[in-house]
Amino acid sequence: MPGNSGQPTIEVRLPASPELVALLRHIAGAAAARADLTIDLLDDTKIACSEAAILLIQHGLPHADFMWTWTCTPGSVQVCASAPTKVTDVPNFAEMEGFTWTVLTSVAQDLSVRVVDSHLVITFSIFETN
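To keep things clear, this report deals only with the structure shown in the data block.

Rules used in this analysis
Residues numbered from 1 in each chain as written. Predicted model: local features only at pLDDT ≥ 70, side-chain atom pairs only at ≥ 80, totals over all residues. Heavy atoms only, no water. Pairing = 2+ DSSP bridges. Helix = DSSP H or I, 4+ residues; strand = E, 2+ residues; numbered from the N terminus. Axes fitted to C-alpha atoms, helices over the stretch in contact; angles between N-to-C directions. Contact = heavy atoms within 4.5 Å. Left-handed = near helix turned anticlockwise from the far one by under 90°. Nonpolar A, V, L, I, M, F, W, Y, C, P; charged D, E, K, R; others polar. Salt bridge = Lys/Arg side-chain N within 4 Å of Asp/Glu carboxyl O. Phe/Tyr/Trp six-rings, centres within 6.5 Å; stacked < 30°, edge-to-face > 60°. Buried < 20%, exposed > 50% of the residue type's maximum accessible area, 1.4 Å probe, protein only. Expected span 1.5 Å × (residues − 1).

**Quick notes on the sheet that holds strand β2 (residues 65–73)**
Point 1. The antiparallel open sheet is built from five strands, whose spatial order is β1-β2-β3-β5-β4. What marks the edges here is a single partner per strand, and that holds for β1 (9–15) and β4 (109–116). Adjacent strand axes in the sheet meet at a mean angle of 10 degrees, parallel and antiparallel pairs treated alike.
Point 2. Here helix α2 (residues 39–59) sits on the sheet in contact with β2, β3 (76–84) and β5 (119–127), set at roughly 170 degrees to β5.
Point 3. Of the strands in this sheet, β4 and β5 touch helix α4 (residues 98–107), which is tilted by about 130 degrees from β4.

Next comes the structure, spelled out in structure tokens:
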């Protein structure tokens, strides 16, 4: 489906549940494949989405839904993930979620975390660098 920028976009809303992280990984892999990313970047996309999901689950409201968007362009995927949250300020993930945050920051580019309208929003890109 075309997104606001005219680029192919995949949008998903599902319960923010650890049991569904594997499904998110599959969708992330499909988005990366649609963007014609290399196998390594496809794996990075899946890993980054898994780690972002963990952060959203840990800091989200119980029984909340995830909202995920993958915008695919040749050689690039832009990801936006959000969930209703109990936090009012962006947590210091480097201190609280050491391993999860380290993995996310090592595979994702243009990483941004913010709180918007009571939702924790994580955005990042995965793209080929030459």
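**Thoughts on the pairing of β2**
Point 1. Bridge count between β1 and β2: seven bridges; the pairing is antiparallel. When the sheet's bridge partners are listed, L14 is paired in β2 with F66.
Point 2. Of the pairings in the sheet, the one linking β2 to β3 comprises seven bridges and is antiparallel in character. Residue T73 lies in a different strand from β3, and its bridge partner there is S76.
Point 3. The turn joining β2 and β3, which pair antiparallel and follow one another in sequence, is formed by two residues; a positive phi near 85 degrees is taken by G75.

**What to know about the packing of helix α1 (residues 21–34) against α2**
Point 1. Packing of α1 against α2 leaves a shortest axis separation of 8 Å and a crossing angle of 145 degrees. When the axes of α1 and α2 are compared, the crossing they make is right-handed. Counting all contacts with α1, which are made through V21, L24, R25, A28, G29, A32 and A33, the residues of α2 involved are L42, T45, K46, I47, C49, S50, A53 and I57.
Point 2. Of the residues contributing to the contact of α1 with α2, the split by class is ten nonpolar, three polar and two charged.

**Quick notes on the pattern of salt bridges**
Point 1. Across all of its chains, the model carries one salt bridge by this definition.
Point 2. Between D65 and R13 there is a salt bridge whose closest N-O contact spans 3.0 Å. Taken together, the positions of D65 in strand β2 and R13 in strand β1 put the pair 52 residues apart, joining distant regions of the chain.

**Some remarks on the packing of aromatic side chains**
Point 1. Under the criterion given, the structure shown has three aromatic pairs.
Point 2. Between W68 and W70, the aromatic rings sit 5.5 Å apart at their centres with planes inclined by 15 degrees, giving stacked as the arrangement.
Point 3. Take W68: its relative accessible area is 0%, and that puts it in the buried class.
Point 4. Connected via pairs of aromatic rings, a cluster forms that spans F66, W68 and W70.

**Some points on the environment of F99**
Point 1. In this structure, F99 sits in helix α4.
Point 2. Sequence spacing of F99 and A31 is 68 residues, and the spatial spacing of their C-alpha atoms is 25 Å.

**Some words on the side chain of T100**
Point 1. Checked against the element boundaries, T100 lands in helix α4.
Point 2. Classification of T100 by relative accessible area gives buried; the value is 11%.

**Some remarks on α1**
Note on helix geometry: an α-helix contains 3.6 residues per turn, so any two residues three or four positions apart are oriented the same way.
Point 1. Taking 1.5 Å per residue as the helical rise, α1 with its 14 residues ought to reach 20 Å, and the 20 Å between its terminal C-alpha atoms agrees with that figure.
Point 2. Taken as a whole, α1 has its buried residues at V21, L24, I27, A28, G29, A31 and A32.
Point 3. Tucked inside the fold, the buried residues of α1 contact β1, α2, β2 and β3.
Point 4. Positive backbone phi, at 60 degrees, marks D36, one or two positions downstream of α1.

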